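Each chain, written out:
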Amino acid sequence: MTKSKDKENRDKQTEEETITSKSEIIETIVLSIFDENGPTPKIYWPHDLDEQAGLLIAMKTISLLMGDSTYQDGTEIEGVNYFGILPFPDLKLNGLTYFFLIPDDKARGKALAATITILIKEENKVFFYENMKYLRVIMDKSATQIQKNKQLSERELIMEEFREEIFEFASEVKDPFSTRRHIKILLVGLDKAGKSSFLFGIKRKYSEIIKSMPTKGVERSEENIFEEQNSQISVWDLGGQQQYREKYLEQSKIYLYNVDLIFYFIDIQDVARIDETIELFRRIINKLIDFEEFPPIVVCLNKFDPDLKGSKEIFKNLEIIANAIELNSDKFFIKIFQTSIFDHWSLISAYSFGLSQLSPNRELFRNQLKKFAKKTNSDAILLLNENGIILSNFSKTDISGQLFEVSAPHFQSLYKNFKEFKLLEQDFIVSSGITEKSKKVIFKRITVEKYNLYLLLFLEKSLEIDKIEKNLPEFSKNLVDLIHTYI
Ligand SMILES: Nc1nc2c(ncn2[C@@H]2O[C@H](COP(=O)(O)OP(=O)(O)OP(=O)(O)O)[C@@H](O)[C@H]2O)c(=O)[nH]1
Ligand SMILES: [Mg+2]
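Structural notes, computed from the coordinates. (Residues numbered from 1 in each chain as written. Chains lettered and ligands numbered in written order. Predicted model: local features only at pLDDT ≥ 70, side-chain atom pairs only at ≥ 80, totals over all residues. Heavy atoms only, no water.)

**Side note on the overall build of the protein**
- Along the protein, the regular secondary structure elements total 14 helices and 16 strands.
- Residue burial in the protein is summarised as follows: out of 487 residues, 54% are buried.
- Within the protein, contacts between residues at least 6 apart in sequence are counted, and of these 69% link residues at least 24 apart.
- When the accessible area of the protein is evaluated, it comes to approximately 23700 Å², of which 50% is carbon and sulfur surface. (Helix = DSSP H or I, 4+ residues; strand = E, 2+ residues; numbered from the N terminus. Buried < 20%, exposed > 50% of the residue type's maximum accessible area, 1.4 Å probe, protein only. Contact = heavy atoms within 4.5 Å. Areas by Shrake-Rupley, 256 points an atom, 1.4 Å probe, with all protein chains shown as cover.)

This is how it looks when you write it as structure tokens:
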């Protein structure tokens, strides 16, 4: 690193001034750039960071994120930025990385790949999950400055400010060393909207749906996406009868505070109560605004049963409701799904989408699927866990994505049946002619360490199993780290 003695002394001074006992959680900060020497740690703290460690951090953060033509055509600079949490077991550290591109006329693809990484001890990684949204803002801001300022001395200053800001933030966090991330998911809506049935449906507990009674108060359960995960995910099914509604709105500090994700249920067959449900939605939104909390909200337009798909009246209702929801929620990230307990996949899609919003690595996952799709000529890919939850998806076009989602559930059950009857020699199901002569679907089980995952590929043109087999090992290898830090 080129730096005058003077500056070094100055740095040491500010270091001593800024480090307070509480910000000790931050172990290392590295700005890495992929230059003519490959991935290189350019500016780092502490200044005596071990050379090998710096190199390892630069290599791992940059290589996981590029590798192929993501940026080499130089057209995507604005759109290429990812966050992710990566383990560095050799260093016993965990890193929060922001990957971005620096425009550079002389570089291949007219851009240099770069990462800013904050590292903390492995055992403290909950700090990242809990504080992701704030850390992201700080990192994003500094990355933008790095993009604009080319001089090393300017960049050193930017990174110095960045470090100070991160330290200050860390010192303000109440319990930076907490060991478990607590995630709270709420299911809300009027009584009989289908909240409890939805949860039973996801778990395929059909006999319970028939027996189910209105929820009294709140029903709490836990969600495990993987057997071992960093987070404790609590699902709160809030009873929708008037008395319970009033209670959770009154005691919103207990129920609506600190919520990470909301599923809002509307019974679209109950036309008479549309105004009532929009009113409830509005009240909940207002409480959240008071708390300055903006969790993602998945709206389930529920009881959209398969036999109603042609109904003009229902379609009109759907439109009215969707408009009203959007009118009332401009500060929130809202995604609307049409769901029915008679269409298992509709439940899984809505639920998985919601859960994926909780993963800090969802962009990295998608990026891996995109890379794999390119290498195998696939038009769409889904990655499912053992329970059929979609961990990530990628599709070239909306059309291929939609077509694919329609066929995915059939494959999953077909695959399970085959397995049960031990008819499957390899962990592969291939089908052609599902939708049209030329389209093919492949369903394959893959093992990533101890995890069983399922991969569903959709190909419009040629089918090249060997290409898939050839690229699978690297794909699985890249997934390992991401799965450890999925949630
Ligand atoms: N047709 C149809 N009926 C559904 C669907 N989902 C749930 N139901 C039925 O709607 C009724 C109410 O479902 P619940 O799941 O108990 O509703 P809830 O929102 O939990 O109600 P509360 O606990 O009172 O807030 C039950 O009779 C369910 O069988 C659906 O997708 N389609
Ligand atoms: Mg209920």
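**Brief notes about the coordination of the magnesium ion (ligand 2)**
- Within the protein, the magnesium ion (ligand 2) binds to Ser196 (OG) and Thr215 (OG1); these donor distances fall in the range 2.0 Å. Taken together, the positions of Ser196 in helix α5 (residues 195–202) and Thr215 in the loop between α6 (206–211) and β7 (218–223) put the pair 19 residues apart, joining distant regions of the chain.
- Judged by its relative accessible area of 16%, Ser196 falls in the buried class.
- Accessibility expressed as a relative area gives 10% for Thr215, which makes it buried. (Donors = N, O, S within 2.8 Å, 3.2 Å for Na, K, Ca; no water.)

**Focus on the nonpolar core**
- Membership of the largest hydrophobic core comes to 79 residues, with the highest contact counts inside it found for Ile185 and Phe198.
- Counting residues per element, this core draws most heavily on strand β16 (residues 451–459), at 8 residues.
- For Ile185, the contacting residues outside a window of four places in its chain are Ile233, Ser234, Val235, Trp236, Leu261, Phe263, Leu355 and Leu358.
- Core analysis: the next-biggest nonpolar cluster, separate from the first, contains 36 residues, Ile26, Ile116, Ile120 and Met132 among them. (Core = buried A, V, L, I, M, F, W, Y, C linked by side-chain atoms within 4.5 Å.)

**A word on the site of ligand 1**
- Around ligand 1, the structure places 20 residues, and the nearest of them are Lys195, Ser197, Thr215, Gly240 and Asp305.
- Gly194 places a polar main-chain atom, nitrogen or oxygen, 2.9 Å from an oxygen atom of ligand 1.
- Residue Thr215 places a main-chain N or O atom 2.7 Å away from an oxygen atom belonging to ligand 1.
- In isolation ligand 1 offers 650 Å² of accessible surface; the protein chains occlude 82% of this area.
- For the shell around ligand 1, the element with the most residues is α5, which contributes 3 residues.
- Broken down by class, the residue content of the shell around ligand 1 amounts to 5 nonpolar, 10 polar and 5 charged. (Near = heavy atom within 4 Å. Polar contact = N/O pair within 3.5 Å; in protein donor to acceptor, adjacent residues only side chain to side chain. Nonpolar A, V, L, I, M, F, W, Y, C, P; charged D, E, K, R; others polar.)

**Quick word on the side chain of Arg163**
- For Arg163, the position within the fold is in helix α4 (residues 152–172).
- Polar side-chain contacts of Arg163 include one of 2.8 Å to the side chain of Glu160.

**Let's talk about empty space enclosed by the protein**
- Summed over all chains, the structure comprises 4 cavities of 30 Å³ or more.
- Considering only enclosed or pocket space, the second largest cavity measures out at about 80 Å³ in volume.
- Forming the walls of the second largest cavity are Gln368, Lys371, Phe372, Lys375, Asn471, Glu474, Phe475 and Asn478.
- Listed by contribution, the elements that provide at least two residues to the lining of the second largest cavity are α12 (362–376) and α14 (465–484). (1 Å grid on protein atoms, 1.4 Å probe; cavity = no way out; pocket = protein on both sides within 12 Å on 5 of 7 lines; lining within 4 Å. Points joined across faces, edges and corners; volume = space filled by probe spheres on them.)

**A look at the sheet that holds strand β10 (residues 297–302)**
- Sheet architecture is open: 6 strands sit in the order β7-β8-β6-β9-β10-β11, paired in mixed fashion. The two strands at the open ends of the sheet, each matched to only one other strand, are β7 and β11 (334–338). The mean angle between the axes of side-by-side strands here comes to 20°, regardless of whether they run parallel or antiparallel.
- As paired elements, β7 and strand β8 (residues 231–238) share 6 bridges and run antiparallel to each other. Across the sheet, the residue bridging to Glu223 is Ile233, located in β8. (Pairing = 2+ DSSP bridges. Axes fitted to C-alpha atoms, helices over the stretch in contact; angles between N-to-C directions.)

**Some points on the packing of aromatic side chains**
- Enumeration according to the criterion identifies 22 aromatic pairs in this entry.
- Taking 5.1 Å as the distance between ring centres and 70° as the angle between the ring planes, the aromatic pair formed by Tyr257 and Phe291 counts as edge-to-face. Placement of Tyr257 in the loop between α8 (252–255) and β9 (261–267) and of Phe291 in helix α9 (residues 274–291) is noted, with a sequence separation of 34 residues between them.
- Centre to centre, the rings of Phe443 and Tyr454 are 5.8 Å apart; their planes meet at 10°, and the pair counts as stacked. Here Phe443 is found in strand β15 (residues 440–448), whereas its partner Tyr454 is found in strand β16, with 11 residues between them in sequence.
- With relative accessibility at 8%, the residue Tyr454 sits in the buried group.
- Taken together, the aromatic side chains of Phe198, Phe263, Phe265 and Tyr351 make up a single cluster linked through ring pairs.
- Taking NZ or CZ as reference, Arg163 lies 5.3 Å from the ring centre of Phe167, over its face. (Phe/Tyr/Trp six-rings, centres within 6.5 Å; stacked < 30°, edge-to-face > 60°. Lys NZ or Arg CZ within 6 Å of the ring centre and 35° of its normal.)

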